[in-house]
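As a plain string of letters, each chain reads:
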Amino acid sequence: VMSVIREYVSETKAIRFEGNGYSDEWRDAASRRGLLDLAKTPEALKQLVAPATKKLFTKSGVYRPDELESRYHLELERYIKDLEIEVAAMDELVVGFVLPAVYKHQGQLASSIEAVLDVLDDEDDLLAPQLDELRGVARLIAELKSSLAALRATVAATHGKEPDAVARAFADRVVPAMEALRDVCDRAEAEVDDALWPLPKYREMLFVV
């Protein structure tokens, strides 16, 4: 038994790690051990058709090379389709919910400032903080529009390409563009009046029963 244990402990040394497998520490350790760093889905899926994979599955009688190719392309198409659905949902949420809520918030601020100006037209110093807030909301809307346009353009740039290239573009460019848009939406959520925000806020989802 000890002989078998020693053999397998030695063979598996490169892949054994006692820490957090999602941390940078593990990625550094994996690199030192000569292991692959497959951080994104397309490069991980590519391993299905790697020569070593084909050799292993063919030798064991599990898959033929052409079956692995088919499986790879199916998984690639599924990855692309899933992200296309997520992008479409995000676009709809921003256009149909987030932007209208921020526009309403901006309108309320502008109306409030306008009403105060009718009464305190010589008190500009008192209105300065409110005007700064209004400018901030206007900038937020500009960021939302700009980030949404960038996401749409990034997705459009993938049209007509081969699935491999589309998957890489989604992983390397579309997902970061989605994250950038989400960051602006998160800031809008914190800024807009609760009564105007049409979606559940994070604190509501986490703490309201």
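Our structure is the block above this text.
Thoughts on the overall build of the protein chain
Part 1 of the reasoning: Counting its regular elements, the protein chain contains eight helices and zero strands.
Part 2 of the reasoning: Along the protein chain, helices and strands appear, N-terminal first, in the series α-α-α-α-α-α-α-α.
Part 3 of the reasoning: In terms of overall size, the protein chain is more extended than a compact globule, its C-alpha atoms giving a radius of gyration of 26 Å where 209 residues would be expected to give roughly 17 Å.
Part 4 of the reasoning: With respect to the three principal axes, the spread of C-alpha positions in the protein chain is 90 × 45 × 35 Å.
Part 5 of the reasoning: A total of about 14000 Å² of accessible surface is found on the protein chain, and carbon and sulfur atoms cover 57% of it.
Part 6 of the reasoning: Charged side chains of the protein chain number 27 positive and 39 negative; the gap between the two group centres comes to 13 Å.

Observations regarding the environment of Ile-80
Part 1 of the reasoning: Following the sequence through the fold, Ile-80 ends up in helix H5 (residues 65-119).
Part 2 of the reasoning: Ile-80 sits 90 residues away from Phe-170 along the chain, and the two C-alpha atoms are 7.4 Å apart.
Part 3 of the reasoning: Once residues lying within four places of it in the same chain are set aside, the contact partners of Ile-80 are Pro-163, Val-166, Ala-167 and Phe-170.

Points about the environment of Arg-16
Part 1 of the reasoning: Here Arg-16 lies in the loop between helix H1 (2-11) and helix H2 (24-32).
Part 2 of the reasoning: For the pair Arg-16 and Ala-30, spaced 14 residues apart in sequence, the C-alpha to C-alpha distance is 9.6 Å.
Part 3 of the reasoning: In terms of polar contacts, Arg-16 uses its side chain to reach the backbone carbonyl oxygen of Val-9, at 2.6 Å.

Comments concerning helix H7 (residues 163-191)
Part 1 of the reasoning: An ideal rise of 1.5 Å per residue puts 42 Å on 29 residues; H7 measures up with 40 Å between its terminal C-alpha atoms.
Part 2 of the reasoning: At Phe-170, H7 is bent by approximately 40°, the largest bend along its length.

Some points on the packing of aromatic side chains
Part 1 of the reasoning: Enumeration over the complete set of coordinates arrives at two aromatic pairs.
Part 2 of the reasoning: On the numbers, 4.8 Å between centres and 35° between planes, the contact of Phe-17 with Trp-26 is tilted.
Part 3 of the reasoning: On the accessibility criterion, Trp-26 (17% relative accessible area) is buried.

Some words on the side chain of Ser-147
Part 1 of the reasoning: Take Ser-147: it is sitting in helix H6 (residues 124-156).
Part 2 of the reasoning: Judged by relative accessible area, which is 15%, Ser-147 ranks as buried.
Part 3 of the reasoning: Apart from the residues within four sequence positions on either side, Ser-147 is in contact with Ala-180, Leu-181 and Val-184.

Procedures and definitions
- Residues numbered from 1 in each chain as written.
- Predicted model: local features only at pLDDT ≥ 70, side-chain atom pairs only at ≥ 80, totals over all residues.
- Heavy atoms only, no water.
- Helix = DSSP H or I, 4+ residues; strand = E, 2+ residues; numbered from the N terminus.
- Rg over C-alpha atoms; globule rule 2.2 N^0.38 Å.
- Areas by Shrake-Rupley, 256 points an atom, 1.4 Å probe, with all protein chains shown as cover.
- Lys, Arg positive; Asp, Glu negative; His and termini not counted.
- Charge placed at Lys NZ, Arg CZ, Asp CG, Glu CD.
- Contact = heavy atoms within 4.5 Å.
- Polar contact = N/O pair within 3.5 Å; in protein donor to acceptor, adjacent residues only side chain to side chain.
- Expected span 1.5 Å × (residues − 1).
- Bend = angle between axes of the 7 residues up to and from the residue.
- Phe/Tyr/Trp six-rings, centres within 6.5 Å; stacked < 30°, edge-to-face > 60°.
- Buried < 20%, exposed > 50% of the residue type's maximum accessible area, 1.4 Å probe, protein only.

Structural measurements only, silent on function.
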